[in-house]
Structure formats: structure tokens, C-alpha cells
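Structural features, examined
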Amino acid sequence: MRERVRSPEGGGGEATEHRRRESAAPSSKAARASGNAGWWMLILPAFLLMTGFYIAPILQVLAISVTEPTVGLDNYERLLTNAGVQRAIVTTLRIGIITTAIALFLGYALSYVIALASPRAQRWWLLGVLVPLWISVLVRAFAWVTLLRRQGLVNEGLRSLGAIDAPLELVWNEFGIVVGMVHYMVPYAVLPMLASMREIDPRLLAAARGLGASRFTAFSRIFLPLSTPGLIAAGVLVFIFSLGFYITPAILGGGKTLMAAEWIKIQILDIVRWGMGTMLATVLVVAILVTLAIFSRVVNLKRVFGAGA
Amino acid sequence: MNGAVPGHALTLERLTKRYGGFTAVVDASLTVEQGQFLTLLGPSGSGKTTILMMIAGFVAPSEGRILLDGRDITVLPPEKREFGMVFQGYALFPHMTVAENIAFPLRVRGLARADRDARVRATLDLVQLTQFAERRPTQLSGGQQQRVALARALVFDPALLLLDEPLSALDKKLRAELQEELKTLHRRIGRTFVNVTHDQEEAMSLSDRVAILNHGKLVQMGGPVELYERPRTRFVADFLGKSNMISARVAEARQGGAVLTAGGTRLVQAMDGARAGEAVLLSLRPERITVLTAGETAENVVDGRIASAAFLGAGHSVTVETADLGRLRVTIPTWQASVAPEEGVPLRLGWSADAAAPVADDEDA
């Protein structure tokens, strides 16, 4: 069921699929142009796989959302009337926006340092950024719980330093969710931003300073505008991923803060209201597609995801 | 923009730059006078760009000082030096139009808009780019980009203009054209220019003074003619144009000259301080050698046979095999060659006592 909600937490599958679709699009177009059926045969297995395991279930979700419990748009009407679903959407958007903002800020600083480092240092930095991606999201969420809980390392440390008297509420609330999600999203923010920063000629910064600009002016007038496409791309990527988070909010939110994915799971598995669950899932998918459509008009998608300039 | 602001003098004192165990520049000292056009010339890895980057303030010297009109600027950050710089590849800001690029130095100096616009227009005029003001750098040709880079470096009346291989990205014909423009511009604005290049023709045609660098050392500095005619070392002779190297020994020292022997051939050479028995290396330019016709003579005469010949339009480049001096390269102006030189033809070559220059043998590569 989970795959119906676009969630990055299923592991690397989502990201690879994303890339595959990006790179498959131009080559299939080329095949059509040349009218060569052989090329079609080559991508046929991938096409069938995508249709069978990805597109068909999504269409099914769409179908259930307008047929259960009765045929019609009743489920979608609840978007306007049901306080529970509205709260889940608002919470999801709020956490998504906060996470995106923080992840972009941290990711930008990190990318900036990496982009200007020596090639050798760059490799180590990149390794440091990518290693968290290989660790299970479950492990990471529980690691944050042990760090942030009342008797956790952070609270105990602050108390032994005399900085606080009573433990801070760092987990099982929105704060904990945001910490976990930012931690997850920073690498996804770094990669597109780093890609666009690497295209910036470092001599431009030297030129700006040689022409009389301070370090800060050189950054704000030259580097920042030139890295803006990467910043926008990272923002869209992180925001879309944030909408579908499931495991991190479930563990670090302690069941008190409901985001869209968990709300859907409750509808389907606990209350068994398939119609409502699939309705919100469809809304999420549509929201993501609309965001991407708007975004693709602003920035070249293929370049953002690194599929050859 | 009219010479009201005089050029400034720049002095480098024992400038050294080390990167870990590698020494990029050793003990470079030189002075560029007000309004002069100095070129740092050398092969890649000779340290010329490092010196320019130290002058610009992007690289901190390990030792030594940099003085502008006698004021120590060694530790000043680049943005405080007020030097204009044309970067290799121009480093134009791709997200700005030509006018915005040129306005950038004025903008960061907080100039009022009206003042800024007026200066940008004047500078666009100076480099003849007025109609391209609203274009992006990527929409311009290489030569136009180079002029934008120049305009951007000059618009704020810099104390010094630094040029890092400003013409290397252009094709040969355009390069010659822009060399001319750059020279005219230098004369017109009277500013001090410091240029870096590995192209000896460019260095000679543009500069008042050329500093030749090799392996981080300043080998020789002087006017183009002086460097070409009187190279002090084998490296300079080889690097500036073509040169025949003749190894000889002093047979007899005379007043202001010497009689040399190379194998069985006796040569007379104008030189100071020759001592009998000493080894001497001579640099002889191919165009200083003449082909002697029957009955003609010269202070130095050598017989040989043409080993190979190539026609270059303005002249023939001929390699002559001689018994004692090895292969000599000779340039014969086309108008002087009665018949086209061919392989195997015997020739008598001659040159005067002051045609060659004794050089120190510093060839280590």
C-alpha cells in the first residue's frame, strides 16, 4: 500500500526510478523519430515493469478514490468539510515547508564548502554526505530517539553542564519530526545544488574580488544568482519528498502529529476507509505532479537530475 | 579615461612563492615604471601567472614585498588594490548583460546610477561595443568578449591593468588585430599595464619591457629589441625566436673582441672580457647570416651544403650542414634568393663580428 504514496523512505528505489524516467524520456522520443522498432524492443521490459508495478497501481488508487464507498466525488468533497483531513494536510505542508527551508539552508552551506574545496577534500565531503543515505531510515529514526528523548544524550549532556534544569521536549513532537526529516533530506538538497555550483567558474569569484567586490558581495552578486537554479531544484525535490514521509514522523512524532502518509495508513489499515485513504493519496500524487509541471517551466529538469546537459 | 590619472609604478622586491616543497617563484625583483607596458613572458610553469596573481593579491607571497608607488601593498586584499584585471578566458559574469558586467566594479564601489551609466557608456565607446550593451556575454564572439573584459577592468580607472593571457583564446588573425587594439588603447589611456603570456611574438609586439621567466626565475628583463639582439642566456635566445647555437673556444682575446675556434673554423666575435682557452656559446640569429656570392666576403665565413629548405612566403628557411659548426639555420629573404634553394646545393655563409651574441648556457631541461 505504501508505494502508492510517493515516499522516499522506501529506500533508493524511488530515486532511481525517478532518474530512470528522466533518462528514458529523451531516448524513447528519439526512437519514435527514427521509427526504429528495435529500440522499442529494448525498452519494452522496462516499460512493462513500469506499467505493471507502478502506473497500474496508481490508476487503481485513483479508481478506488472515486468508487468507494459510492461512485462519485464524495471523498474529495471531504477535503472541504472534514477537519481531520484538513489538519493532516496543513500539518504536512507546514512540516514540509519548515523541513525544506532548514534542509536548503544547511545543504547550501555544505554544497558551498564542497564546491570550493580541493578535489581530494571534495571526495571525502561527498562520502560524508552520501553515507547517511545507505543507513536504514528506521535505524536513523531510532538513533534520533535515543539522542533526543528525555534521558537521551542531548538532555543529559545539557543537564550535566547545568544549562537546563528539566529535560527539554525534543522528540515525540514536530520538533523531533523536523530534526529527523532534515537529517534525511540534507543529502537530497546537497546533490542538485552541488551540481549547479560545480558549473560555476571559480574564476568568476576571483574576478569579482579583483574588480573591487568584498567576499560577501562576490558571493551575493555572483555566486548566489548563479547557483539559484540548483537551489530551486533542491527546494522542489526536498519539498516533494517531505510530503510523503511516513516512517520518520511515525517514530519521532510519537503518534501525536499526523502527517499525510500516516493519516492514509490509518484510514486504510485501521479504520478501513479505502476511499478516504486513496483520495488523499491521489491528492498527494496530483499535488506533486502539478509542482513538477510548474517547476519544469522554470528550470531544465534534465539538468537538475544530472541526465546530461 | 584620458590620462588625467597618471599611471602608477609597481615594484616587486625579492618575491618568492613556495607551495609546500615546490617553489613557483624565486627571488623575483623588478620595477614597472609609470605608464609602461610590461610583459611577463615564459613557458608554462615558469611562474609568470603566479607573479601576476601575487600582484593582483590572490596569492600571498612567501617572501618579498610588492610596492605601488613606494607604498607596501603586499598584504592588501585584492578588492582594496584597485587594479583592473583581465582574466584568462575573461571570466565575464554569465548572468549579467555586457553593460551590467562593465557596471559591476562601479556598482560595488557604490557609484550613483547616473554617474555609473555615463561611465559605462564612455567605456563601451572606448572599446567600440556600444551596440552590444544589452547582450549576454555568451552571445558575443571571442574578440568581443575580450573587449568586454577589458572595458570592465578599465571602467573604474584602476591604478594598474593586469592581463592574464588576454589573447590566448583567440585565433591567430584575430589575435594580431587585438594586439594592435591593445597597444593603441595603452597609448591612449597612459595606464601601467602588466601582461602575462607564453607567446613571444605577442610579448615583443605589445610591450615596452619584457621580463623573461624560466623555472620561477627572472632570467632577463629589457626592451624587446635588446632581448632579441642581446640575449644573455641560451634560454632567452631560444625562447625569443629561433637561434643557432655555436660552441667555440677563445683562441686569442683582443680589445673588445676575440678570435674563436670551433673545430677547424676561426671566428671573430665582438665581446668583452674574453679569456684565452675559455669555452664560449654564441647565439646567432638565422636572419643575421647572409649567403655570400662569389667574390663577396665577410668577417666570418663558413662553407656548407643545404640539408633542407622550406619556403615561407617572405623568405626561405634553409638548414645548412657545415663541417665544424653543425647545422645552421639561415633565413634568406625571397627578394635576395636568385634561385630557389634546393637540397645539396653548396653555399658560402657569412656574418659580421657583432652578429652573434655570447650567451650563458643555462639550458637544463
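Calculation criteria
- Residues numbered from 1 in each chain as written.
- Chains lettered and ligands numbered in written order.
- Predicted model: local features only at pLDDT ≥ 70, side-chain atom pairs only at ≥ 80, totals over all residues.
- Heavy atoms only, no water.
- Helix = DSSP H or I, 4+ residues; strand = E, 2+ residues; numbered from the N terminus.
- Buried < 20%, exposed > 50% of the residue type's maximum accessible area, 1.4 Å probe, protein only.
- Contact = heavy atoms within 4.5 Å.
- Areas by Shrake-Rupley, 256 points an atom, 1.4 Å probe, with all protein chains shown as cover.
- Salt bridge = Lys/Arg side-chain N within 4 Å of Asp/Glu carboxyl O.
- Domains from an automatic or database assignment.
- Buried area = accessible area lost by both parts, 1.4 Å probe.
- Polar contact = N/O pair within 3.5 Å; in protein donor to acceptor, adjacent residues only side chain to side chain.
- Nonpolar A, V, L, I, M, F, W, Y, C, P; charged D, E, K, R; others polar.
- Pairing = 2+ DSSP bridges.
- Axes fitted to C-alpha atoms, helices over the stretch in contact; angles between N-to-C directions.
- pLDDT = per-residue confidence, 0-100.
- 1 Å grid on protein atoms, 1.4 Å probe; cavity = no way out; pocket = protein on both sides within 12 Å on 5 of 7 lines; lining within 4 Å.
- Points joined across faces, edges and corners; volume = space filled by probe spheres on them.
- Phe/Tyr/Trp six-rings, centres within 6.5 Å; stacked < 30°, edge-to-face > 60°.
- Lys NZ or Arg CZ within 6 Å of the ring centre and 35° of its normal.

What follows deals with the overall build of chain A. For chain A, the helix and strand inventory stands at 14 helices and 0 strands. Ordered by position from N to C terminus, the α and β elements of chain A give α-α-α-α-α-α-α-α-α-α-α-α-α-α. Burial analysis of chain A (309 residues in total) assigns 43% to the buried set. Intrachain contacts of chain A at a sequence separation of at least 6 include 70% that bridge at least 24 residues. When the accessible surface of chain A is totalled, it reaches about 16100 Å², and 69% of it is carbon and sulfur.

Scanning the model with the defined rule gives 23 salt bridges over all chains in all. The salt bridge involving Glu79(B) is made with Arg209(A); its shortest N-O contact spans 2.6 Å. Of the two residues, Glu79(B) sits in helix 2 (residues 78–81) while Arg209(A) sits in helix 9 (residues 202–210), which places them in two different chains. Assessed through its relative accessible area of 14%, Arg209(A) is described here as buried.

Residue and element names in this part refer to chain B. Segmentation of chain B into domains returns domain 1 (10–231) and domain 2 (239–359). Domain 1 and domain 2 are separated by 39 Å when their C-alpha centres are compared. Considering only the side of domain 1, the residues that lose the most area to domain 2 are Tyr-228, Arg-230 and Pro-231, jointly responsible for 52% of the buried surface there. In this structure, the connection of domain 1 to domain 2 is made through 1 salt bridge. In this assembly, domain 1 and domain 2 are joined by 6 residue pairs in polar contact (both at pLDDT 80 or more). At the level of elements, helix 7 (200–206) and helix 8 (224–229) are the ones that each hand at least two residues to the side of domain 1 that touches domain 2. The element best represented in the side of domain 1 that touches domain 2 is helix 8, accounting for 3 residues. Partitioned by chemical class, the residues of the side of domain 1 that touches domain 2 number 7 nonpolar, 3 polar and 2 charged.

Residues and elements named next belong to chain B. One open sheet accounts for 4 strands, arranged 2-1-4-5; its pairing is antiparallel. The open sheet has two edge strands, strand 2 (22–32) and strand 5 (71–72), and neither has a second partner. Sheet topology note: the strand 1 (residues 10–19)/strand 2 ladder contains 7 bridges and is antiparallel. From the neighbouring strand, Arg-18 faces strand 2, where its bridge partner is Thr-23. Against the sheet, helix 1 (residues 48–56) contacts strand 1, strand 2 and strand 4 (63–68), and its axis sits at roughly 115° relative to strand 1.

A few words now on the confidence of the model for chain A. Do not read the predicted coordinates in detail wherever pLDDT is low. Residues and elements named next belong to chain A. Taken as a whole, chain A shows an average pLDDT of 84; of its residues, 85% reach a score of 70 or greater. Mean pLDDT per element in chain A: helix 1 (residues 13–34) is the minimum at 46, and helix 4 (residues 83–116) is the maximum at 94. Of the regions scoring below 50 in pLDDT, residues 1–28 engages in 53 contacts with residues more than four places distant in sequence or in other chains.

Before going further, it helps to spend a moment on the interface of chain A and chain B. Counting from both sides, the interface comprises 17 residues of chain A and, opposite them, 22 residues of chain B. Approximately 1600 Å² of surface area, both sides summed, lies buried where chain A meets chain B, with 71% of it carried by carbon and sulfur atoms. Inspection of the region where chain A meets chain B yields 1 salt bridge. Summed over the shared surface of chain A and chain B, the number is 4 residue pairs in polar contact (both at pLDDT 80 or more). Secondary structure elements with two or more residues in the side of chain A that touches chain B: helix 9 and helix 10 (215–243) of chain A. Residue contributions to the side of chain A that touches chain B peak at 7 residues, all from helix 9 of chain A. The residue makeup of the side of chain A that touches chain B, split by class, is 9 nonpolar, 4 polar and 4 charged.

Residue and element names in this part refer to chain B. Along the chain, the position of Gly-216 falls in the loop between strand 9 (209–214) and strand 10 (217–222). Counting along the chain gives 34 residues from Gly-216 to Leu-182, while the straight-line C-alpha distance between them is 27 Å. If we ignore the near neighbours within four places in the chain, the residues touching Gly-216 are Ala-24, Val-25, Val-26 and Ser-46.

All names here are of chain B. The sheet built from 6 strands is open, its strands ordered 6-7-8-3-9-10 with mixed pairing. Of all the strands in the sheet, just strand 6 (83–86) and strand 10 have a single pairing partner and so form its edges. With direction set aside, neighbouring strand axes in the sheet form an average angle of 15°. Relative to strand 10, strand 9 is paired through 5 bridges, and the arrangement is antiparallel. Counted as the bridge partner of Asn-214 is Lys-217 from strand 10.

Residue and element names in this part refer to chain A. With the rule as written, the count across this model stands at 3 cavities of 30 Å³ or more. Taken as a whole, the second largest cavity spans an internal volume of roughly 40 Å³. What lines the second largest cavity is simply Val-137, Arg-140, Ala-141, Trp-144, Gly-180, His-183, Tyr-184, Thr-248 and Leu-252. Put simply, the parts of the chain that give the lining of the second largest cavity at least two residues each are helix 6 (137–148), helix 8 (174–198) and helix 11 (247–252).

The subject of this paragraph is the packing of aromatic side chains. One pass over the structure, following the stated rule, counts 11 aromatic pairs over all chains. Summarising the aromatic geometry, the rings of Tyr112(A) and Phe223(A) are spaced 4.9 Å apart at their centres and angled 90° between planes, so their arrangement reads as edge-to-face. Of this pair, Tyr112(A) sits in helix 4 while Phe223(A) sits in helix 10, placing them 111 residues apart in sequence. Its relative accessible area of 27% is what places Tyr112(A) among the partly exposed residues. Looking at Phe223(A), the relative accessible area reads 2%, which means it is buried. Of the aromatic side chains, those joined through ring pairs into one cluster are Tyr108(A), Tyr112(A), Phe219(A) and Phe223(A). The side chain of Arg152(B) reaches across the aromatic face of Phe93(B), ending 4.6 Å from its centre. The positively charged end of Arg285(B) is found above the aromatic ring belonging to Tyr228(B), 3.9 Å away from the centroid.

Let us look at the pairing of strand 16 (residues 300–311) of chain B. Residue and element names in this part refer to chain B. Inspection of the sheet shows strand 16 paired to strand 19 (residues 346–351) by 6 bridges, in the antiparallel sense. Within strand 19, the residue paired with Asn-300 across the bridge is Trp-351. Examined bridge by bridge, strand 16 and strand 17 (residues 315–322) share 7 bridges and lie antiparallel to one another. Across the sheet, Gly-304 pairs through a bridge with Thr-322, a residue of strand 17. Counted between consecutive antiparallel strands, the loop separating strand 16 from strand 17 contains 3 residues, among which Gly-313 sits at a positive phi close to 95°.

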